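Coordinates in review
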Amino acid sequence: MEGLMSFQANSVPDVSRQQSSVLVPTFSPKITTRVSVQSIGMVRNSKLFNSFVASVQPLEASAVTPLDNTLPSKEVLDVWQNANAVCFDVDSTVCIDEGIDEFAEFCGAGEAVAEWTARAMNGSVPFEEALAARLSLINPSLSQLQDFLKRPPRLSPGIDLLVKKLKDKNKDVYLVSGGFRQMINPVASILGIPLENIFANQILFGSNGEFAGFDKNEPTSRRGGKATAVQQIRKAHGYKSLVMIGDGATDLEARMPGGADLFICYGGVQLRESVAAKADWLVFNFKDLINSLV
């Protein structure tokens, strides 16, 4: 687009040694619900599977929940363990914040933007409508974005260890987000995820640094965009099996033919019950996923 430019954040220098400065402690109120092995169709005589269930218990939650998918079935566990690639949502999953909400707060438009974010994540309004509305409310300048990016990302507890374990198992890792590349690039740098493995939106600025909209050519800028991105990833690399992990309705959409085989809902930051109820597996702590990668 003539006269427009997009701002790319420089890669963060080796901050992985300073993880303690960007990670936050895990909170651990316990779920009261317990799910029997028989109720979710587990194979009772599988020693390996029963051993896993005994060692990985879903004990952490932001609230008491009646959902019964906090322990995986044998079939779900098999897909997770054998997946060729894993796609992560970023906001409220890889990071504890909703990036656009934090940026809005930084720019003085926090409350109004947060309301739109909640509606978008619950699936009550089309994503592209919510994205345009939120950016219009923020109306950010390039200098504001640059100042905002001086703050280090706040990663969810255990995500660094999970990404490392996945890479050690030769599984490719992607970040698929309705957020913005400018905010996600530093996150990818910390986690050692290649920038080409990011599928996200891009804020555009005019020649004087004024806000000029967002790149509507990005698949994640519109309804069903994450599903489209995941389909593109799978087709481009010929993955036999792929998993999507996230917290919102747009993440759930990625579980479709040609897209993700499995949707794991991460409720450690935000528990959206309408989404979590439809997940193949609901987790509140990334340790559950790490421990299951035997």
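Residues numbered from 1 in each chain as written. Predicted model: local features only at pLDDT ≥ 70, side-chain atom pairs only at ≥ 80, totals over all residues. Heavy atoms only, no water.

Our working definition: UniProt positions are given in the numbering used here, feature names are shortened, and annotations may be inferred rather than shown by experiment.
The protein chain carries the name phosphoserine phosphatase in an unreviewed UniProt entry, which gives Datura stramonium as its organism. The heading Pathway (unreviewed entry) in the UniProt record of the protein chain holds the text "Amino-acid biosynthesis; L-serine biosynthesis; L-serine from 3-phospho-D-glycerate: step 3/3."

Describing the overall build of the protein chain
Stated formally: Each helix is a run of H or I in the DSSP string that is no shorter than four residues. Each strand is a run of E no shorter than two, and both are numbered from the N terminus. Relative accessibility thresholds used throughout: buried, under 20% of the residue-type maximum; exposed, over 50%; partly exposed, between the two (1.4 Å probe, protein chains only). For this analysis, residues touch if any pair of their heavy atoms sits within 4.5 Å. Under the convention used here, a 1.4 Å probe and the Shrake-Rupley method define accessible areas, while residue burial counts only the protein chains that appear.
Counting secondary structure elements, the protein chain contains twelve helices and nine strands. The buried share of the protein chain, reckoned over its 294 residues, is 54%. Looking at the protein chain alone, contacts between residues at least 24 apart form 68% of all its contacts between residues at least 6 apart. For the protein chain, the exposed surface amounts to about 13,200 Å²; the carbon and sulfur share of it is 50%.

Quick look at the packing of aromatic side chains
Stated precisely, the cut-off is as follows: The pairing test for Phe, Tyr and Trp rings, Trp by its six-membered ring, is centres within 6.5 Å, and the orientation test on the planes gives stacked under 30 degrees, edge-to-face over 60, and tilted for anything in between.
Inspection of every chain in the model, using the stated rule, returns four aromatic pairs. Ring centres of Y174 and Y239 lie 6.2 Å apart, and the angle between their planes is 70°; on these two criteria the pair is classed as edge-to-face. Separated by 65 residues along the polypeptide, Y174 in strand β3 (residues 172–180) and Y239 in the loop between α9 (225–237) and β7 (242–246) bring together distant segments of the chain. Summarising the burial analysis for this pair, Y174 and Y239 share the class buried.

Describing the packing of helix α3 (residues 99–107) against helix α4 (residues 110–121)
Rules: Axis geometry follows a simple rule: fit a line to the C-alpha atoms, using only the stretch in contact for helices, then measure angles between N-to-C directions, giving values from 0 to 180 degrees. Our angle categories are set so that under 35 degrees counts as roughly parallel, over 145 as roughly antiparallel, 65 to 115 as roughly perpendicular, and the remainder as oblique. In this scheme the handedness of a crossing depends on how the near helix is turned from the far one: anticlockwise by less than a right angle means left-handed, clockwise means right-handed.
Packing of α3 against α4 brings their axes to within 8 Å, and their N-to-C directions diverge by 165°. Accordingly, the angle class assigned to the pair α3 and α4 is roughly antiparallel. When the axes of α3 and α4 are compared, the crossing they make is right-handed. Between α3, through I100, D101, A104 and E105, and α4, the contact on the second element is made entirely by G110, E111, V113, A114 and T117.

Describing the environment of F199
For F199, the position within the fold is in strand β4 (residues 198–201). We classify F199 as buried; its relative accessible area is 17%. Residues F199 and V230 lie 31 residues apart in sequence; the distance between their C-alpha atoms is 9.0 Å. Other than its neighbours up to four places away in sequence, F199 contacts Y174, L175, V176, S177, R181, T220, A229, Q232 and I233.

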